[in-house]
Amino acid sequence: AVDLLTLYLALELTTLCSYILVGITVDRPRSNEAAIKYFLLAAFASALFLYGISLAYGVTGGTDFETIASALERSEGSNPLLLAAMGLLGAGLAFKIAAFPFHAWAPDAYQGASAPVAAFLATASKAAGLAALGRVCLVAFASEARTLSVVLGGLAALSIIVGSIIALSQTDMKRLLAYSSIAHAGYALLGLISGTPEGASATMTYAFLYVFMTLGAFGVVIALGERGENLDGYQGLAAQRPGTAALMLLFLLSLTGIPPTAGFVAKFVVILSVVRAGHLALAVLAVVCSVVSAFVYL
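So, a few notes on the structure that sits alongside this text. (Residues numbered from 1 in each chain as written. Predicted model: local features only at pLDDT ≥ 70, side-chain atom pairs only at ≥ 80, totals over all residues. Heavy atoms only, no water.)

1. Remarks on the side chain of glutamine 111
Moving on, step 1. Considering the arrangement of structural elements, one finds glutamine 111 in helix α5 (residues 105-112).
Moving on, step 2. The class of glutamine 111 is buried, set by a relative accessible area of 14%.
Moving on, step 3. Setting aside residues up to four positions removed in sequence, glutamine 111 forms contacts with Arg28, Arg30, Asp172, Lys174 and Arg175. (Helix = DSSP H or I, 4+ residues; strand = E, 2+ residues; numbered from the N terminus. Buried < 20%, exposed > 50% of the residue type's maximum accessible area, 1.4 Å probe, protein only. Contact = heavy atoms within 4.5 Å.)

2. Quick notes on helix α13 (residues 280-297)
Because the α-helix completes a turn every 3.6 residues, residues three or four places apart line up on one side.
Moving on, step 1. Compared with an ideal rise of 1.5 Å per residue, which puts 18 residues at 26 Å, α13 spans 26 Å between its outermost C-alpha atoms and is within 8% of the ideal.
Moving on, step 2. All of the buried residues in α13 are Leu282, Ala283, Ala286, Cys289, Ser290, Ser293, Ala294, Val296 and Tyr297. In a view along the axis of α13, the buried residues occupy a sector of 165 degrees, so they form one face of it. Looking at α13, the residues exposed on the side facing more than 90 degrees away from the buried face are Leu280, Ala281, Val284, Val291 and Phe295.
Moving on, step 3. Taken together, the buried residues of α13 touch α7 (145-166), α8 (173-189), α11 (242-256) and α12 (262-276). (Expected span 1.5 Å × (residues − 1). Arc of directions from axis to C-beta.)

3. Let's talk about the pattern of salt bridges
Opposite charge on two side chains makes pairing possible when the charged atoms of those side chains draw close.
Moving on, step 1. In the structure shown here, the tally under the stated rule is five salt bridges.
Moving on, step 2. Residue aspartate 108 pairs with arginine 175 through a salt bridge whose shortest N-O separation is 3.0 Å. Remark: arginine 175 occurs in helix α8 and aspartate 108 occurs in helix α5; sequence separation between them is 67 residues.
Moving on, step 3. A relative accessible area of 24% places aspartate 108 in the partly exposed class.
Moving on, step 4. On the basis of relative accessible area, arginine 175 is assigned to the buried category, the value being 18%.
Moving on, step 5. Taken together, the salt bridges that share partners define one network made up of Glu33, Lys37, Asp108 and Arg175. (Salt bridge = Lys/Arg side-chain N within 4 Å of Asp/Glu carboxyl O.)

As structure tokens, this is what we get:
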């Protein structure tokens, strides 16, 4: 999409399908509850996104990315309405990738949905949301790179901290992977902070590799059935099903970022991007929270 309205319609079409998928097992109260929570919060996020589009249109006179970018280049100084538009658009897109503080729907939706649906929400929708966010930041609001770096830096740091720490207390595997996905959304956002094509490339590399890591972990949960949905179900798995246990170990090592797995490459690329942009504190935070997440996974 090269227009905010097209982007909005595309995101809404995918999200409408997601509501139905989460609540498709109508005989499970938890599934129905998750679908309703997801629907209500997503409706709120959609309203924010639309309000952001209307403000951006009011300030720049267009909704396509090129018109917005050229209008911003001609303008002198920061317009408060434009900052509000950027904040609202950012909030709408942060909801799609389940970044803090717009993450509240993810744990309940993942837990209430069947494991294959949770896997889809954790991977496909997150990758699409990151791609959309990267495109909006790099093309439409490229001239506001300094403001965006502060906002994205805050979102990334809070997502990494909250996702890593709350995952410590989880006993349900799908909720654990939900908080894990919140932390990983934060890691992926690190690449966009620099506001350069190289940074966006780092983010999409992270998203690409994250999809395979998470699909693998959810694949093991699906293969184990009801046993795989609770942490206690993994006790003794190595003795009973060594192949499945070895696969789960591989995927969890990758999510942790242990070399030589794909997860290490993904984290190395985004942290290197942050270091090159001069945000050393964020890089240190990312590494420290990786240690916390290592405890969660191992």
